[in-house]
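Chain by chain, the residues:
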Amino acid sequence: MSEIILMSDARVAATPVRESGEPLVDVRKALLVDDRKHEDSRGAEVHLRRGVLDRLVAAQARLPRGLRLLFVEGYRPPALQRAYFDRYAAELRAGHPRWPADRVRTAVARYVSPPEIAPHTAGAAVDLTLADAAGRELDLGTPMNADPERSDGACYTDAANISAGARANRELLGRVLGAAGLVNYPTEWWHWSYGDRYWALMTGAPAALYGPRELDS
């Protein structure tokens, strides 16, 4: 397995942002949207930057007949990202009271991005999976949002402890999204992004296109 660069890596935070000003748009007319509830985000989650949505539509067109992308979450308000980060950090501190602060932050970043650089707060990231023509999710090895502790690391994109069928589905998802220009966060098979700081670092782009923003800004 190649080196995994976490969101907490100083290289991510050091990546500059040249904000494009591209709007956040509603994805529901273009993609199949999962009906699981997001009470905390109050409808914000069905938005993405226009360029990210365009690339998802292009990726979907590359899927075999009878399959489609199943969109679960996109934009996340900065305050909500902070709440998620702090909640998971508190869980890890409770379970590992001897861990120093830097180890807690690194462990949290495998699962929840630091709010100041989180791709979701820029409308640049999407959590998604694959579904059949009837909208039924395919097996990708773990439930979406499984954390590393409870999944025994099976949430990592290249995890070995999943079935051959789940591996094939992850590879298919990766092929179509990668061909459309998105990059994966390797500790979460479902998390893909375009135009954010992590994307810029991983692709060698000189700067990110999208920085954190409020939905109505």
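Residues numbered from 1 in each chain as written. Predicted model: local features only at pLDDT ≥ 70, side-chain atom pairs only at ≥ 80, totals over all residues. Heavy atoms only, no water.

Participant: Which residues make up the side chain of aspartate 127, and what values go with them?
Facilitator: As for its placement among the helices and strands, aspartate 127 is situated in strand β5 (residues 125-132). Of the polar contacts made by the side chain of aspartate 127, one reaches the side chain of histidine 191; its length is 3.5 Å. Those residues in contact with aspartate 127 that sit more than four places away from it in its chain are Leu70, Phe71, Val72, Glu73, Arg76, His120, Met144, Asn145, Trp190 and His191. (Helix = DSSP H or I, 4+ residues; strand = E, 2+ residues; numbered from the N terminus. Polar contact = N/O pair within 3.5 Å; in protein donor to acceptor, adjacent residues only side chain to side chain. Contact = heavy atoms within 4.5 Å.)

Participant: Account for helix α4 (residues 101-109), naming residues and giving values.
Facilitator: What α4 keeps buried is the set Val104, Ala107, Val108 and Ala109. On its buried side, α4 packs onto α3 (78-95). (Buried < 20%, exposed > 50% of the residue type's maximum accessible area, 1.4 Å probe, protein only.)

Participant: Quick one: what's the story with the packing of α3 against α4, residue by residue and with numbers?
Facilitator: In contact at an axis separation of 9 Å, α3 and α4 are set at 120° when each is read in the N-to-C sense. Comparing their axes, α4 and α3 come out oblique. In this structure, α3 meets α4 at a crossing whose hand is right-handed. Every residue of α4 that contacts α3 at Phe85, Tyr88, Ala89, Leu92 and Arg93 is listed here: Val104, Arg105, Ala107 and Val108. (Axes fitted to C-alpha atoms, helices over the stretch in contact; angles between N-to-C directions. Parallel < 35°, antiparallel > 145°, perpendicular 65-115°, else oblique. Left-handed = near helix turned anticlockwise from the far one by under 90°.)

Participant: Run through the pattern of salt bridges, naming residues and quoting values.
Facilitator: Where side chains of opposite charge bring their charged atoms close, a pairing between them can arise. In this structure the tally under the stated criterion is 9 salt bridges. Between glutamate 3 and arginine 11 there is a salt bridge, with the nearest N and O atoms lying 3.3 Å from each other. Classification of arginine 11 by relative accessible area gives partly exposed; the value is 38%. Taking the shortest distance from any N to any O, the salt bridge between aspartate 147 and arginine 150 comes out at 2.3 Å. Accessibility expressed as a relative area gives 66% for arginine 150, which makes it exposed. Sharing partners across several salt bridges, the network here consists of Glu3, Asp9 and Arg11. (Salt bridge = Lys/Arg side-chain N within 4 Å of Asp/Glu carboxyl O.)

Participant: An account of the nonpolar core is needed here, citing residue identities and associated values.
Facilitator: With 47 residues, the main nonpolar core has Leu56, Leu69, Val126, Leu173, Leu177 and Leu182 as its most contacted residues. In this structure, leucine 173 is in contact with Leu69, Leu128, Thr129, Leu130, Leu140, Trp189 and Trp192, ignoring residues within four places of it in sequence. Phe85, Ala89, Leu92 and Trp99 belong to the second largest nonpolar core, which has 9 residues in total. (Core = buried A, V, L, I, M, F, W, Y, C linked by side-chain atoms within 4.5 Å.)

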